[in-house]
Amino acid sequence: MSNISERDKKVVWHPFTHLKNASLPLHLTRGEGVYLFDDAGNKYIDAFSSWWVNLHGHANNHIATKIYEQAKTLEQVAFSNFTHEPAVTLAERLLTHLPANQAKVFYSDNGSTSVEVAIKMAIQYNHNQGKKKNKIIALENAYHGDTFGSMSVAERNVFNQAFDSFLFEVIHIPVPVQGKEHATLTALKKALEKDDICAFIFEPLVQGAGGMVMYEPGILNQLLQECKKNECITIADEVMTGFGRTGKFLACSYLTEQPDIICLSKGITGGFMPLGATTCTQQIFDGFISDDKTKTFYHGHSYTANPLACAAANASLDLLEKPETEKQIAMISSFFEKMKNQFEGNKALIDCRKRGTILALELKINESTTYLNPASERITNFYLKKGIIVRPLGNILYFIPPYCINETELKHLENTTKELLELWPEV
């Protein structure tokens, strides 16, 4: 075992890791395209894009070069009363891809903070106008991050149960999966009857950490329409679904109705640098313009709009806007559609679902179907032996690969999955 792995065990605390009897972490030494390499020279397909952040492959030369060039010019500056070209250019470019109602970009550090910013924007927008509207509606089974606000609007589960008494009260409504659309719409309408409703937050079309749970654009349009009628601010958490993951630039690109606030992170820099962005309408922004300084949005981060991160994001957009990337996204989506059709009804599966470049397989198990299910370790080890890195959500196996993956590599995912299903649950 690598000396680095042994040294790591002595001094490092890893995220989302059960500490007792945890195995030594795999020592990765480099990445290239869709592959990660360990210290023994073994290579692995990164089938989950290193927690959904890597869009174009590891060590992409174009993004690395742009970061290097920026580092020689300006690496960091406070963004309160200063600005710089990479941040302005990125905001301009992002807005061309977002719904027409989006007007301003507020930068932060990651997905959790982009959601935190959105929640605070919505609450203070109402506060600034003297409206006592501070209650938020959210979907059941949701995950929005690990800061206190983002935990509050998420499902009360293993991720946040230790902090439950510290989280603010939220109205949860059912996820509008097939067959439950009416129940969701009814629950939303009932919630909106209250006069203290501030906002409705949702992961559009795909709930990520909740198990890649998927629903359709039609019902989401109806939910947004109801919110608009009742002057309820709508917040789309596109942290996972943004930047082409669902087959379009945003999951909201499938909608006719549009949210007031959008949260972005993960793929924004192509997996190179931490960065978050929260965008909003002109109306939301104008709610903070006042002679009264107490109505200022007093929120920020030391590394807000870091020039290196913005340079990485602009470089990632360069690649994302290329026709070749669009073709790759379409190819992956088509391949996963074929896999879905092939595996649907398999005796080892409860369900098989797909949206764009995301494919999820829910495996049958005897234990509870939660994030803590030990099936995830068995699945992970099975794929690792085949040269593939996955990170199942309990018994839910999913693939969300970098866009540079080719058909041969996708075929390897397909064949390995066939083998898993044939052997399941004896793996």
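What counts and how
- Residues numbered from 1 in each chain as written.
- Predicted model: local features only at pLDDT ≥ 70, side-chain atom pairs only at ≥ 80, totals over all residues.
- Heavy atoms only, no water.
- Pairing = 2+ DSSP bridges.
- Helix = DSSP H or I, 4+ residues; strand = E, 2+ residues; numbered from the N terminus.
- Buried < 20%, exposed > 50% of the residue type's maximum accessible area, 1.4 Å probe, protein only.
- Arc of directions from axis to C-beta.
- Polar contact = N/O pair within 3.5 Å; in protein donor to acceptor, adjacent residues only side chain to side chain.
- Axes fitted to C-alpha atoms, helices over the stretch in contact; angles between N-to-C directions.
- Left-handed = near helix turned anticlockwise from the far one by under 90°.
- Contact = heavy atoms within 4.5 Å.
- Nonpolar A, V, L, I, M, F, W, Y, C, P; charged D, E, K, R; others polar.
- Phe/Tyr/Trp six-rings, centres within 6.5 Å; stacked < 30°, edge-to-face > 60°.
- Disulfide = S-S within 2.5 Å.
- Core = buried A, V, L, I, M, F, W, Y, C linked by side-chain atoms within 4.5 Å.
- Salt bridge = Lys/Arg side-chain N within 4 Å of Asp/Glu carboxyl O.

Draft legend 1. Fine view of the sheet that holds strand S3 (residues 43-46). The strand order across the open sheet built from four strands is S1-S2-S3-S15, with neighbouring strands paired in mixed fashion. Sheet topology places strand S1 (28-32) and strand S15 (388-389) at the edges, where each strand pairs with a single neighbour. Pairing between S1 and strand S2 (residues 35-38): four bridges, direction antiparallel. The residue of S2 that forms the bridge with Glu-32 is Tyr-35.

Draft legend 2. Structural detail: helix H3 (residues 61-71). The complete set of buried residues in H3 reads Ile-63, Ile-67 and Gln-70. Down the axis of H3, the smallest arc covering the buried residues is 65°, so these residues share one side. Among the exposed residues of H3, those oriented more than 90 degrees off its buried face are Asn-61 and Tyr-68. One side-chain oxygen of the residue at the start of H3 lies 3.1 Å from the amide nitrogen of His-62, identifying that residue as Asn-60.

Draft legend 3. Geometry of the packing of helix H4 (residues 85-97) against helix H10 (residues 307-320). Contact geometry for H4 and H10: axes closest at 9 Å, N-to-C directions at 40°. Crossing hand, H4 versus H10: left-handed. For the pair H4 and H10, contact is made by Pro-86, Ala-87, Thr-89, Leu-90, Arg-93, Leu-94 and His-97 and by Pro-307, Cys-310, Ala-311, Ala-313, Asn-314, Leu-317 and Asp-318, respectively. Partitioning the contact of H4 with H10 into residue classes produces nine nonpolar, three polar and two charged.

Draft legend 4. A look at the packing of aromatic side chains. A complete count under the given rule lists 14 aromatic pairs for this structure. Between Phe-16 and Phe-159, the aromatic rings sit 5.8 Å apart at their centres with planes inclined by 75°, giving edge-to-face as the arrangement. Taken together, the residues Phe-16 in the loop between helix H1 (3-11) and S1 and Phe-159 in the loop between helix H6 (148-152) and strand S6 (170-173) connect sequence positions 143 residues apart. For Phe-16, a relative accessible area of 37% corresponds to the partly exposed category.

Draft legend 5. A look at unusual backbone geometry. Cis rather than trans, the peptide bond between Trp-424 and Pro-425 has omega equal to 10°. Within the element layout of this structure, Pro-425 appears in the segment after helix H13 (407-423). The phi dihedral of Trp-52 is positive, around 75°, even though this residue is not glycine. With respect to the helices and strands, Trp-52 occurs in helix H2 (residues 49-52). Accessibility expressed as a relative area gives 8% for Trp-52, which makes it buried.

Draft legend 6. The state of the cysteines, seen in detail. Under the counting rule described, the total for this entry stands at zero disulfides. Cys-263 provides the cysteine sulfur closest to Cys-280, a residue in no disulfide bond, and the two sulfurs are 11 Å apart. On the basis of relative accessible area, Cys-280 is assigned to the buried category, the value being 3%.

Draft legend 7. Up close: the pairing of strand S7 (residues 197-202). Counting buried residues in S7 gives six out of six residues, a clear majority hidden from the surface. By the bridge criterion, four bridges tie strand S5 (residues 135-139) to S7 in an arrangement that is parallel. Across the sheet, Ile-137 pairs through a bridge with Phe-200, a residue of S7. The pairing of S7 with strand S10 (residues 233-237) spans four bridges and is classified as parallel. The residue bridging Phe-202 from the neighbouring strand is Ala-236, located in S10.

Draft legend 8. Main features of the nonpolar core. By size, the foremost hydrophobic cluster in this structure holds 98 residues, and its most contacted members are Ile-137, Phe-200, Met-212, Leu-361, Tyr-383, Leu-397 and Phe-399. In terms of residue count, the dominant contributor to this core is helix H11 (residues 323-343) (seven residues). In contact with Met-212, not counting residues within four places along its chain, are Trp-52, Val-206, Gln-207, Met-240, Arg-353, Ile-358, Ala-360, Leu-393 and Tyr-398. In terms of nonpolar packing, the next biggest core, distinct from the first, is built from 23 residues, Val-115, Ala-118, Val-153 and Val-170 among them.

Draft legend 9. Seen up close, the environment of Gly-394. Inspection of the secondary structure assignment puts Gly-394 in the loop between S15 and strand S16 (396-399). Residue Gly-394 is classed as buried on the basis of its relative accessible area, which comes to 0%. Through-space distance from the C-alpha of Gly-394 to that of Leu-192 is 34 Å; in sequence the pair is 202 residues apart. The contact partners of Gly-394, leaving out residues within four places of it in the chain, are Thr-370, Tyr-371, Asn-373, Ala-375, Ser-376 and Ile-379.

Draft legend 10. Spotlight on the pattern of salt bridges. The final tally for this structure, using the stated rule, is 15 salt bridges. One salt bridge in this structure joins Arg-353 and Glu-362, with 2.9 Å as the shortest N-O distance. The class for Glu-362 is buried, based on a relative accessible area of 16%. Overlapping salt bridges bring together Arg-93, Asp-318 and Glu-321 as one network.

Draft legend 11. Highlighting the sheet that holds S10. What the seven strands build is an open sheet, ordered S4-S12-S11-S10-S7-S5-S6; its pairing is mixed. In this open sheet, the two edge strands, each paired with only one partner strand, are strand S4 (102-108) and S6. In this sheet, neighbouring strand axes are inclined to one another by 20° on average, regardless of whether the strands run parallel or antiparallel. Strand direction decides the pairing type here: S10 and strand S11 (residues 261-264), joined by three bridges, are parallel. By the bridge assignment, Ile-235 is partnered in S11 with Ile-261. Strand contacts of H4: S4 and S11, with the helix running at about 135° to S4, the strand carrying the most contacts.

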